[in-house]
Amino acid sequence: MKILIADKLSDNAVKALENMGASVRLEPDAAAGDLPQLMNDAEILIVRSTKVNKAAMDAASSLSLIIRAGAGVNTIDLEYASALGIHVANCPGKNADAVAELTIGHMIALDRNIVDNSIDLRNGVWNKKGYSKARGLKGRTLGILGLGSIGTKVAAVAQVMGMNVQAWSRSLTEQKAKTMGLGFCPTPMDLARSSDIVSIHLAASNDTRHLVDRSFLEAMKESAFLINTSRGEIVDSAALMEICSSKSLKIALDVYEDEPGASEKTFPHTELAQLITGTHHIGASTQQAADAIADEVVKIVESYRSSGKPLHPVNARDKSTAQFNLVVRHFNKVGVLAAVLDALRNADINIEEMENSIFSGGEAAVCTLKLDDRPSDVILNEISSMDNIIKASLK
Ligand SMILES: NC(=O)C1=CN([C@@H]2O[C@H](COP(=O)(O)OP(=O)(O)OC[C@H]3O[C@@H](n4cnc5c(N)ncnc54)[C@H](O)[C@@H]3O)[C@@H](O)[C@H]2O)C=CC1
Ligand SMILES: O=C(O)CCC(=O)C(=O)O
């Protein structure tokens, strides 16, 4: 098993992979453009934020699994991976505590102007009066966009801090919000209008691109806070730059549209930087999160090695469209299933999924095949009467 790690991963995880018998190549400073040259005969590619595009996959004929050592998979061309039959898996929730911690940190920093306080002190300015105007967070309304792993954790911490927490999330219902002690916002715009602080925890996709757009920003309360630790593309940063001063919005960002890769050294959006408090996409960058992610990556490789299926697949088809389940009980002999497949091929029936389980003792087995068409009774009889078949039936 050949593994290319094109980002930083802990030494312990590398050792654990090697102990599984894998040959591991470490390229911690690789950029997206380097991947085609580095792929060679890698079967598994492990990345953090390094983008994985068509060129990388085209250069890797042995590649069968890409592991995102993190949560967001918008950096991987999922459509192309699916078209080439390459599994993509991620580590859901494993860095959520770290991002929630940074989010809460940004929220407190905005309220108390911690960054400006510190810059003034460094410049020899003492301004206790000027900086003594925080509103405080207790009793204020925090609106969370996206109640996934991170959004849920941010909500829980904010509740402990005495904030009123409300949320919009695509599958959130009023009832579910109520059981979580949260206010329910039927639409993102409702949340924008009624929150003192908006915190974004959505996955980036075509649906969520610029979900926080000009009209959302205009709907926000005067002097509200906006915090984005999810993905830059979710906020229309051009609109943000135009609107934030006129509405006195306070902004904290960890992520940016067209943000530099991890190995780059220049931040191009300096105009935006003047208007915000910003961090360098470090939401997940704590030792705790790195350890939790590394452990999960090892589990994903283990699951893939032992079953051929990775834990946490993100590009598997949600639900098979095949409606016909052919169940074949058979003796555990060479060639039995090949004959079944042959009969189905001759009938022009496609097998979409197939699973064979052997019973204890190893004598008999049952194979379930999901088919795109109904086999006729003639074919069922033909299969049932084959050598070493006990019975074939449709379920
Ligand atoms: N700043 C950082 O270092 C980090 C940033 N992130 C970002 O935060 C995002 C959220 O992370 P988690 O909470 O762990 O993920 P999650 O998968 O648990 O939650 C994702 C949320 O996005 C929503 N969502 C997904 N697709 C959607 C769509 N098409 N339309 C509307 N809503 C949609 C889901 O309903 C869910 O509420 C990640 O996707 C990632 O982009 C994650 C980890 C670290
Ligand atoms: O690995 C990183 O530093 C980025 C983490 C992240 O953005 C994610 O997990 O979605």
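Just so we're clear, the structure is a prediction, and the values are computed from it rather than from any experiment.

About the thresholds
Residues numbered from 1 in each chain as written. Chains lettered and ligands numbered in written order. Predicted model: local features only at pLDDT ≥ 70, side-chain atom pairs only at ≥ 80, totals over all residues. Heavy atoms only, no water. Phe/Tyr/Trp six-rings, centres within 6.5 Å; stacked < 30°, edge-to-face > 60°. Lys NZ or Arg CZ within 6 Å of the ring centre and 35° of its normal. 1 Å grid on protein atoms, 1.4 Å probe; cavity = no way out; pocket = protein on both sides within 12 Å on 5 of 7 lines; lining within 4 Å. Points joined across faces, edges and corners; volume = space filled by probe spheres on them. Nonpolar A, V, L, I, M, F, W, Y, C, P; charged D, E, K, R; others polar. Near = heavy atom within 4 Å. Polar contact = N/O pair within 3.5 Å; in protein donor to acceptor, adjacent residues only side chain to side chain. Areas by Shrake-Rupley, 256 points an atom, 1.4 Å probe, with all protein chains shown as cover. Helix = DSSP H or I, 4+ residues; strand = E, 2+ residues; numbered from the N terminus.

**Q** Is there a simple way to think about the packing of aromatic side chains in this case?
**A** Think of a pair of aromatic rings as described by two things: how far the centres are apart, and how the planes are tilted against each other in angle. In total, this model carries one aromatic pair according to the counting rule given. Above the face of the Phe 225 ring, Arg 140 is positioned so that its terminal group lies 4.9 Å from the ring centre.

**Q** How should I be thinking about empty space enclosed by the protein in this particular structure?
**A** In this approach a probe as big as a water molecule rolls over the atoms, and the regions it shows empty are the leftover space. Under the definition given, this model contains one cavity of 30 Å³ or more. Here the largest cavity defines a volume of roughly 50 Å³. In terms of lining, the largest cavity is formed by Asn 228, Gly 232, Val 235, Ser 237, Leu 253, Val 255, Tyr 256, Glu 257 and Leu 272. Counted by class, the lining of the largest cavity contains five nonpolar, three polar and one charged residues.

**Q** Hey, could you run me through the site of ligand 2 in this one?
**A** In the vicinity of ligand 2, the contacting residues are Arg 48, Ser 49, Arg 68, Gly 70, Ala 71, Gly 72, Asn 95, Arg 231, His 281 and Ala 284. Here an oxygen atom of ligand 2 sits 3.2 Å away from a polar atom, N or O, in the side chain of Arg 68. For ligand 2, an oxygen atom lies 2.8 Å from a polar atom in the side chain of Arg 231. Here ligand 2 has 290 Å² of accessible area as a free molecule, and 89% of this is covered by the chains. Partitioned by chemical class, the residues of the shell around ligand 2 number two nonpolar, five polar and three charged.

**Q** Just to check I follow, could you spell out the environment of Ser 132 for this structure?
**A** Note that Ser 132 resides in the loop between α6 (114-122) and β6 (141-145). As a C-alpha pair, Ser 132 and Glu 353 span 221 residues in sequence and 64 Å in three-dimensional space. Within the structure, the side chain of Ser 132 is placed 2.4 Å from the backbone oxygen of Lys 128, a separation counted as a polar contact.

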